[in-house]
Amino acid sequence: MMAGKSSPEAMERMINNITKFIQVQQSVAQSLKSDYIAVGEEWDDKQYQNLGAVIDQAVAALSSNYATLSECTTRLQVLKRILEDYLSHQI
């Protein structure tokens, strides 16, 4: 069955895509924090503090879906195993 062979691979791509997205979000959040610190080496007043609040908000937004996405990857891995088991019993 051709579709059966590609289905687990498609599910693996789903898992990999979500995992890559999580990694990109984490990288962006870290870069924002580092760049904020770099800006602070030359700028330290009330407006710099306002920038910090914006960066904190952006980092929180980037991080807010981490748990949900991680749960999705776990559930996809379980469902992929179920699909593989299902396909192994097909004639």
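Residues numbered from 1 in each chain as written. Predicted model: local features only at pLDDT ≥ 70, side-chain atom pairs only at ≥ 80, totals over all residues. Heavy atoms only, no water.

Comments concerning the nonpolar core
Across soluble globular proteins, nonpolar side chains show a tendency to be buried alongside one another. By size, the foremost hydrophobic cluster in this structure holds eight residues: Met11, Ile15, Ile18, Ile22, Leu69, Leu76, Leu83 and Leu87. Of all hydrophobic cores here, the second largest spans five residues; its members include Ala29, Tyr48, Ile55 and Val59. (Core = buried A, V, L, I, M, F, W, Y, C linked by side-chain atoms within 4.5 Å. Buried < 20%, exposed > 50% of the residue type's maximum accessible area, 1.4 Å probe, protein only.)

Describing the side chain of Thr73
Considering the arrangement of structural elements, one finds Thr73 in helix α3 (residues 66-88). For Thr73, a relative accessible area of 10% corresponds to the buried category. Setting aside residues no more than four positions away along its own chain, Thr73 makes contact with Ile15, Ile18 and Thr19. (Helix = DSSP H or I, 4+ residues; strand = E, 2+ residues; numbered from the N terminus. Contact = heavy atoms within 4.5 Å.)

Considering a nonpolar patch on the surface
Among the surface-exposed residues, Val78, Leu79 and Ile82 lie close enough to one another that they form a single nonpolar patch of about 250 Å² accessible area. When you line up the elements, Val78 lands in helix α3. Using a relative accessible area of 37% as the deciding quantity, one classes Val78 as partly exposed. (Patch = residues over 30% accessible without salt bridge, like charges linked within 9 Å, V, L, I, M, F, W, Y side chains within 5 Å. Areas by Shrake-Rupley, 256 points an atom, 1.4 Å probe, with all protein chains shown as cover. Salt bridge = Lys/Arg side-chain N within 4 Å of Asp/Glu carboxyl O.)

Quick look at the pattern of salt bridges
Tallied over the full model, the rule gives three salt bridges. Across the pair Glu12 and Lys80 runs a salt bridge, and its minimum N-O distance is 2.9 Å. Of the two residues, Glu12 is situated in helix α1 (residues 2-40) and Lys80 in helix α3; the sequence distance between them amounts to 68 residues. Judged by relative accessible area, Glu12 falls into the partly exposed class, the value being 30%. For the salt bridge of Arg75 with Glu71, the shortest nitrogen-to-oxygen distance reads 3.7 Å. With Arg75 and Glu71 both in helix α3 and four residues apart, the pair spans about one turn of that helix. A relative accessible area of 45% places Glu71 in the partly exposed class.

Description of helix α2 (residues 46-64)
When the terminal C-alpha atoms of α2 are compared, their 27 Å separation across 19 residues agrees well with the 27 Å that a helix rising 1.5 Å per residue should span. All of the buried residues in α2 are Tyr48, Gly52, Ile55 and Val59. Each buried residue of α2 sits inside an arc of 65° when the element is viewed along its axis, so together they form one side. Exposed residues on α2 whose side chains face more than 90 degrees from its buried face are Lys46, Gln57 and Ser64. If you check the start of α2, you find a side-chain oxygen 3.0 Å away from the backbone N of Gln47, and it comes from Asp45. (Expected span 1.5 Å × (residues − 1). Arc of directions from axis to C-beta. Polar contact = N/O pair within 3.5 Å; in protein donor to acceptor, adjacent residues only side chain to side chain.)

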